[in-house]
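Summary of the model geometry
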Amino acid sequence: MRKIPIPAGHRETFWKRNCVAVGLAAGFLEPLEASAIVLVELSAKIIAEQMPACREVMDVIASRFNATTEYRWGRIIDFLKLHYAVTKRRDTAFWRDNVDPATMPDRLKDLLALWRYQSPWFHDEFDRIEEVFPAASYQYVLYGMGFRTEVEVDALADDAQLAERAMRENAAQTERLRAGLPRHRELIGKIVEYGLQPV
Ligand SMILES: Cc1cc2nc3c(=O)[nH]c(=O)nc-3n(C[C@H](O)[C@H](O)[C@H](O)COP(=O)(O)OP(=O)(O)OC[C@H]3O[C@@H](n4cnc5c(N)ncnc54)[C@H](O)[C@@H]3O)c2cc1C
């Protein structure tokens, strides 16, 4: 087996003077959550859309880019660390090291304390445009890994009724739309009849 060491981390400053670090030049955390390419795309988008027209404003754009990029790396670290915060594994040094509360970001600790009583939601600061991991991503990991949120059942009675109604409407709408769809063979027939190219 070949061991590939990964020095995990990211730069403190991504845009300095006329040089911008993107991709592996900016940092690397880990391969499992596959967040590298989206960060490359988001960085490229800022550069393309906000490239300063002159040197006078470059530092303004640079500082904005640095703040946004630092925020994004921070949220990715929170999300990665969440997997270790809720795992029950302690069988190897790897898991023991990574579940150590001393290695958890303060922001994630606060959120985990909060989520014992209310589920991750948009107001948990997941309010940025193009948030890499929104509240729903946290819900999947937390509840998929057995985390429990204690909720007052009575306080949620109205929400439960609303949710049931939304699910009933959703099922009815699905049936309506499905009924309007052609059968597969009919669709192929139409494509052949009109000489259309399947997309
Ligand atoms: C197996 C694997 C799976 C991955 N899966 C995902 C995924 O699903 N989602 C995701 O987001 N990320 C994934 N990643 C991570 C992602 O691919 C990388 O983070 C990303 O490609 C980094 O882009 P980059 O442009 O910074 O670096 P690179 O893609 O490494 O590009 C650097 C380029 O510089 C060239 N180069 C190096 N040295 C020199 C030199 N001296 N002179 C000239 N050229 C040079 C290299 O040949 C290379 O073409 C994966 C990575 C691997 C290895």
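Quick note: structure is the one above.
Now for a description of the structure that goes with this document. (Residues numbered from 1 in each chain as written. Predicted model: local features only at pLDDT ≥ 70, side-chain atom pairs only at ≥ 80, totals over all residues. Heavy atoms only, no water.)

What to know about the site of the ligand
Gly 23, Leu 24, Ala 34, Ser 35, Ala 36 and Ile 37 make up every residue found near the ligand. The separation between an oxygen atom of the ligand and a polar main-chain atom of Ala 34 is 3.3 Å. Against a free-state accessible area of 1,000 Å², the protein chains account for coverage of 27% of the ligand. Taken together, the residues that form the shell around the ligand break down as four nonpolar, two polar and no charged. (Near = heavy atom within 4 Å. Polar contact = N/O pair within 3.5 Å; in protein donor to acceptor, adjacent residues only side chain to side chain. Areas by Shrake-Rupley, 256 points an atom, 1.4 Å probe, with all protein chains shown as cover. Nonpolar A, V, L, I, M, F, W, Y, C, P; charged D, E, K, R; others polar.)

Structural notes on the layout of surface pockets
By volume, the largest pocket is sized at about 700 Å³. Lining the largest pocket are 22 residues, and of these Leu 29, Glu 30, Tyr 84, Phe 94 and Asn 98 lie nearest its centre. Of all elements in the fold, only strand S1 (9–10), helix H2 (58–86) and helix H3 (93–99) reach the threshold of two or more residues within the lining of the largest pocket. Per-element accounting of the lining of the largest pocket gives the leading share, five residues, to H2. For the lining of the largest pocket, the class distribution of residues is 12 nonpolar, five polar and five charged. (1 Å grid on protein atoms, 1.4 Å probe; cavity = no way out; pocket = protein on both sides within 12 Å on 5 of 7 lines; lining within 4 Å. Points joined across faces, edges and corners; volume = space filled by probe spheres on them. Helix = DSSP H or I, 4+ residues; strand = E, 2+ residues; numbered from the N terminus.)

Observations regarding the packing of H2 against helix H5 (residues 135–144)
Geometry of a packed helix pair, given as the angle between the helix axes and the separation of the axes. One can describe the packing of H2 onto H5 by two numbers: an axis separation of 9 Å at closest approach and a directional angle of 15°. Comparing their axes, H5 and H2 come out roughly parallel. In this structure, the crossing between H2 and H5 has a hand that is right-handed. Counting all contacts with H2, which are made through Arg 75, Asp 78, Phe 79, Leu 82, His 83 and Val 86, the residues of H5 involved are Ser 137, Tyr 138, Val 141 and Leu 142. Tallied by class, the residues present in the contact of H2 with H5 amount to six nonpolar, two polar and two charged. (Axes fitted to C-alpha atoms, helices over the stretch in contact; angles between N-to-C directions. Parallel < 35°, antiparallel > 145°, perpendicular 65-115°, else oblique. Left-handed = near helix turned anticlockwise from the far one by under 90°. Contact = heavy atoms within 4.5 Å.)

Structural notes on the packing of aromatic side chains
For the coordinates displayed, the defined rule picks out nine aromatic pairs. Summarising the aromatic geometry, the rings of Phe 94 and Trp 95 are spaced 5.4 Å apart at their centres and angled 90° between planes, so their arrangement reads as edge-to-face. Accessibility expressed as a relative area gives 45% for Phe 94, which makes it partly exposed. Given the relative accessible area of 18%, Trp 95 is considered buried. Plain terms: the ring middles of Trp 121 and Phe 122 are 4.8 Å apart, the flat faces sit at 65° to each other, and that makes the pair edge-to-face. The ring of Tyr 71 carries the charged tip of Arg 75 above its face, separated from the ring centre by 4.9 Å. (Phe/Tyr/Trp six-rings, centres within 6.5 Å; stacked < 30°, edge-to-face > 60°. Buried < 20%, exposed > 50% of the residue type's maximum accessible area, 1.4 Å probe, protein only. Lys NZ or Arg CZ within 6 Å of the ring centre and 35° of its normal.)

Considering the nonpolar core
By size, the foremost hydrophobic cluster in this structure holds 35 residues, and its most contacted members are Trp 15, Ile 76, Leu 82, Leu 112, Trp 115, Tyr 138 and Leu 142. When residues of this core are traced back to their parent elements, those giving at least two are helix H1 (36–50), H2, H3, helix H4 (106–115) and H5. Ranked by residue count, the leading element in this core is H2, at 11 residues. Sequence-distant contacts of Leu 112, that is, excluding residues within four places in its chain, are made with Leu 82, Ala 85, Leu 142 and Phe 147. (Core = buried A, V, L, I, M, F, W, Y, C linked by side-chain atoms within 4.5 Å.)

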